[in-house]
Amino acid sequence: MTKSKKALERKARKRKEREKRLKRQRGLRSSADLGSSDDRQEEEIPFGGFEMERIMRRAGRVADGEVHGSLEALREKLDAMIGEGAILEEELSDPIERAQEFAYRALESRDRVAGKALAEEALALDPDCVDALGLLAVHESDLAKQEQGLRRAIAAGERTLGGRAFFEEHAGRFWGLVRTRPYMRARQTLAELLSHENRLDEAARELEELLALDAADNQGARGSLLALCLQQGEATK
């Protein structure tokens, strides 16, 4: 076999591997691939905005295992795992990462029933999965139960992140730490719920806390806080 033919075959294999990897990452695998008892064929799960977050979580896990290695060794390992499509497979063997993947799919789903089922599967693997707790909370029909569920999600986030010491150490740059994002989403959703209930002072406190944790304001809390302040001004007239 000529060198040029070998090179073409290598490129073809890499292209197929890349296509398979992208298919998995975009949620086109059947739920059976994630360990579900459901035997349905592969179906497209609506793609949401979590692909970059998925990549960041996976890259972080690889980096954690290479703390004492060289930067070049880490880069080579990441390249190899991405090329082989192995990052997703490794993480899905970890119950917490499997749960988070179910939670991402639940958040991406446009089907309320399917989303709820995925969130429940996430919680079966990790009872403290914040995104899953938050999603089930907003599915409650009663506003009081929604608030209770969101506060449960927030408490789970505080507990799993490491409590006060973690918050004090990382205040101001929370969003840059990808594992804080489910917690930040739950607090933002709570702020929206409180605002909807016209509990403006409580909503403002939640938004102020989000800004204290994320000075770069990746969630747009500053704009929401300004709108609340204007609303409070109208309420006092």
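It should be noted that the structure appears before, not after, this text.
A closer look at the overall build of the chain
When helices and strands are counted, the chain shows twelve helices and zero strands. Put simply, the chain runs from its N terminus to its C terminus through helices and strands in the order α-α-α-α-α-α-α-α-α-α-α-α. Relative to its 237 residues, the chain shows a buried fraction of 41%. Considering only contacts in the chain between residues 6 or more positions apart, those separated by 24 or more positions represent 55%. For the chain, the accessible surface area stands at approximately 13,800 Å², while carbon and sulfur atoms represent 51% of it.

Description of the pattern of salt bridges
In this structure the tally under the stated criterion is 14 salt bridges. A salt bridge links Glu108 to Arg54, with the nearest nitrogen and oxygen atoms 2.7 Å apart. Of this pair, Glu108 sits in helix 5 (residues 95-108) while Arg54 sits in helix 2 (residues 51-64), placing them 54 residues apart in sequence. Assigned by exposure class, Glu108 and Arg54 land together as buried. If you follow the salt bridges from partner to partner, you end up with Glu147, Arg151, Glu197, Arg199 and Glu202 in one network.

Quick word on the side chain of Gln100
Here Gln100 lies in helix 5. A polar side-chain atom of Gln100 sits 2.9 Å from a polar atom in the side chain of Asp131. Excluding anything up to four places from it in sequence, Gln100 contacts Arg57, Cys129, Asp131 and Pro182.

Topic: the packing of aromatic side chains
In this structure the tally under the stated criterion is six aromatic pairs. On the numbers, 5.2 Å between centres and 85 degrees between planes, the contact of Phe167 with Tyr183 is edge-to-face. Taken together, the positions of Phe167 in helix 9 (residues 164-170) and Tyr183 in helix 10 (residues 181-196) put the pair 16 residues apart, joining distant regions of the chain. Neither Phe167 nor Tyr183 differs from the other in exposure class; each is buried. By the ring-pair criterion, three or more aromatic residues cluster together here, those being Phe166, Phe167, Phe174 and Tyr183.

Side note on helix 7 (residues 130-138)
In terms of burial, helix 7 is a largely internal element, eight of the nine residues being buried. Contact partners of the buried residues in helix 7: helix 5, helix 6 (112-125), helix 8 (143-161) and helix 10.

Some details on the side chain of Glu53
Assignment of secondary structure puts Glu53 in helix 2. Excluding anything up to four places from it in sequence, Glu53 contacts Tyr104, Val178, Arg181, Pro182 and Arg185.

Re the packing of helix 5 against helix 6
Running from N to C, helix 5 and helix 6 point in directions that differ by 170 degrees, and their axes come no closer than 8 Å. Accordingly, the angle class assigned to the pair helix 5 and helix 6 is roughly antiparallel. The interaxial crossing formed by helix 5 with helix 6 has left-handed handedness. Residue-level inspection shows Pro95, Arg98, Ala99, Phe102, Ala103, Arg105 and Ala106 of helix 5 in contact with helix 6, the latter providing Gly115, Leu118, Ala119, Glu121, Ala122 and Leu125.

Digging into unusual backbone geometry
The phi dihedral of Asn198 falls on the positive side, at around 65 degrees, and the residue is not glycine. Examined against the element boundaries, Asn198 turns out to sit in the loop between helix 10 and helix 11 (200-213).

What about the nonpolar core?
Of all hydrophobic cores here, the largest spans 41 residues; its most connected members are Phe174 and Tyr183. Those elements that provide at least two residues to this core are helix 5, helix 6, helix 7, helix 8, helix 9, helix 10, helix 11 and helix 12 (221-235). Ignoring sequence-local partners within four residues, the contact set of Tyr183 consists of Val130, Ile154, Gly157, Glu158, Leu161, Phe167, Phe174 and Leu213.

Notes on the packing of helix 5 against helix 7
Contact pair helix 5 / helix 7: the axes reach a minimum separation of 8 Å and the direction vectors enclose 35 degrees. Helix-helix and strand crossings are classified by hand; for helix 5 and helix 7 the assignment is left-handed. Contacts between helix 5 and helix 7 pair Gln100, Ala103, Tyr104, Ala106 and Leu107 from the former with Asp131, Ala132 and Leu135 from the latter. Partitioned by chemical class, the residues of the contact of helix 5 with helix 7 number six nonpolar, one polar and one charged.

Points about the environment of Leu210
By secondary structure assignment, the location of Leu210 is in helix 11. Residue class for Leu210 comes out buried when judged on its relative accessible area of 2%. Counting along the chain gives ten residues from Leu210 to Gly220, while the straight-line C-alpha distance between them is 9.5 Å.

What counts as what
Residues numbered from 1 in each chain as written. Predicted model: local features only at pLDDT ≥ 70, side-chain atom pairs only at ≥ 80, totals over all residues. Heavy atoms only, no water. Helix = DSSP H or I, 4+ residues; strand = E, 2+ residues; numbered from the N terminus. Buried < 20%, exposed > 50% of the residue type's maximum accessible area, 1.4 Å probe, protein only. Contact = heavy atoms within 4.5 Å. Areas by Shrake-Rupley, 256 points an atom, 1.4 Å probe, with all protein chains shown as cover. Salt bridge = Lys/Arg side-chain N within 4 Å of Asp/Glu carboxyl O. Polar contact = N/O pair within 3.5 Å; in protein donor to acceptor, adjacent residues only side chain to side chain. Phe/Tyr/Trp six-rings, centres within 6.5 Å; stacked < 30°, edge-to-face > 60°. Axes fitted to C-alpha atoms, helices over the stretch in contact; angles between N-to-C directions. Parallel < 35°, antiparallel > 145°, perpendicular 65-115°, else oblique. Left-handed = near helix turned anticlockwise from the far one by under 90°. Core = buried A, V, L, I, M, F, W, Y, C linked by side-chain atoms within 4.5 Å. Nonpolar A, V, L, I, M, F, W, Y, C, P; charged D, E, K, R; others polar.

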